[in-house]
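Results of the structural survey
Residues per chain are reported as follows:
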Amino acid sequence: MEPLTEQEIRAAFVNCTKGEAKRLHVPRDLTDRPWEDLDYLGWRDPQAPGRAYLAAELDARPVAVVLRTSGAGSWQTRRSMCSICLTVHSGGVSLMVAPKAGKAGQQGNSVGAYLCDDLACSLYVRGRKDADAGARMHETITLEEKIRRTVANLAAFVAKVRTA
């Protein structure tokens, strides 16, 4: 992924108002992120633990999405699989819900997916970050194919957010 600036990220949000995008927390350490290993930039809001964000370059354009996360519950101690990177975690996956873009979102419609709590899918796929023992299923596909699958899963989720 090509590095994104704070301004590019704020302008890329598709499911919130420009005012909300202007006020939300963007990480200050953008220059220190491992951009070459990222398929998307994901982060949690330190001032609002129930909010998360992701920004990606899809179809050669930045696109960003606001997410709401579920609260911690006893169900989270079970092993669950991220729907983006297919990593299995014990308690490290949450249902994250994105308001739909446009009028559908204003009417309260949303899309949900089970995602890695730390939004570090790209690093799990590449083996740069470890989850639990047995977190990655043994697969015979190449790393490039795993990366393409992760990007395709992310693009499908973002497409659901963007459609009315």
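Relevant structure appears above.
**A closer look at the overall build of the protein**
Broken down by element type, the protein carries 5 helices and 7 strands. Overall, the protein shows an N-to-C arrangement of helices and strands of α-α-β-β-β-β-β-β-α-β-α-α. For the protein, the C-alpha radius of gyration of 15 Å lies close to 15 Å, the compact-globule estimate for 164 residues. The dimensions of the protein, computed from C-alpha atoms along their principal axes, are 45 × 35 × 30 Å. When the 164 residues of the protein are sorted by exposure, 44% land in the buried category.

**Topic: the nonpolar core**
Counting residues in each nonpolar core, the largest one holds 45 residues, and the members touching the most others are I9, F13, W43 and L67. Element by element, the count of residues in this core is highest for strand β2 (residues 48–58), at 6 residues.

**Observations concerning the environment of A152**
Mapped onto the elements of the fold, A152 is located in helix α5 (residues 143–162). For A152, a relative accessible area of 44% corresponds to the partly exposed category. Separated by 139 residues in the primary sequence, A152 and F13 place their C-alpha atoms 19 Å from one another.

**Some remarks on the environment of R51**
Its location among the elements puts R51 in strand β2. Counting along the chain gives 26 residues from R51 to H25, while the straight-line C-alpha distance between them is 9.8 Å. If we ignore the near neighbours within four places in the chain, the residues touching R51 are R44, D45, V66, L67 and T69.

So, how was this worked out
Residues numbered from 1 in each chain as written. Predicted model: local features only at pLDDT ≥ 70, side-chain atom pairs only at ≥ 80, totals over all residues. Heavy atoms only, no water. Helix = DSSP H or I, 4+ residues; strand = E, 2+ residues; numbered from the N terminus. Rg over C-alpha atoms; globule rule 2.2 N^0.38 Å. Buried < 20%, exposed > 50% of the residue type's maximum accessible area, 1.4 Å probe, protein only. Core = buried A, V, L, I, M, F, W, Y, C linked by side-chain atoms within 4.5 Å. Contact = heavy atoms within 4.5 Å.

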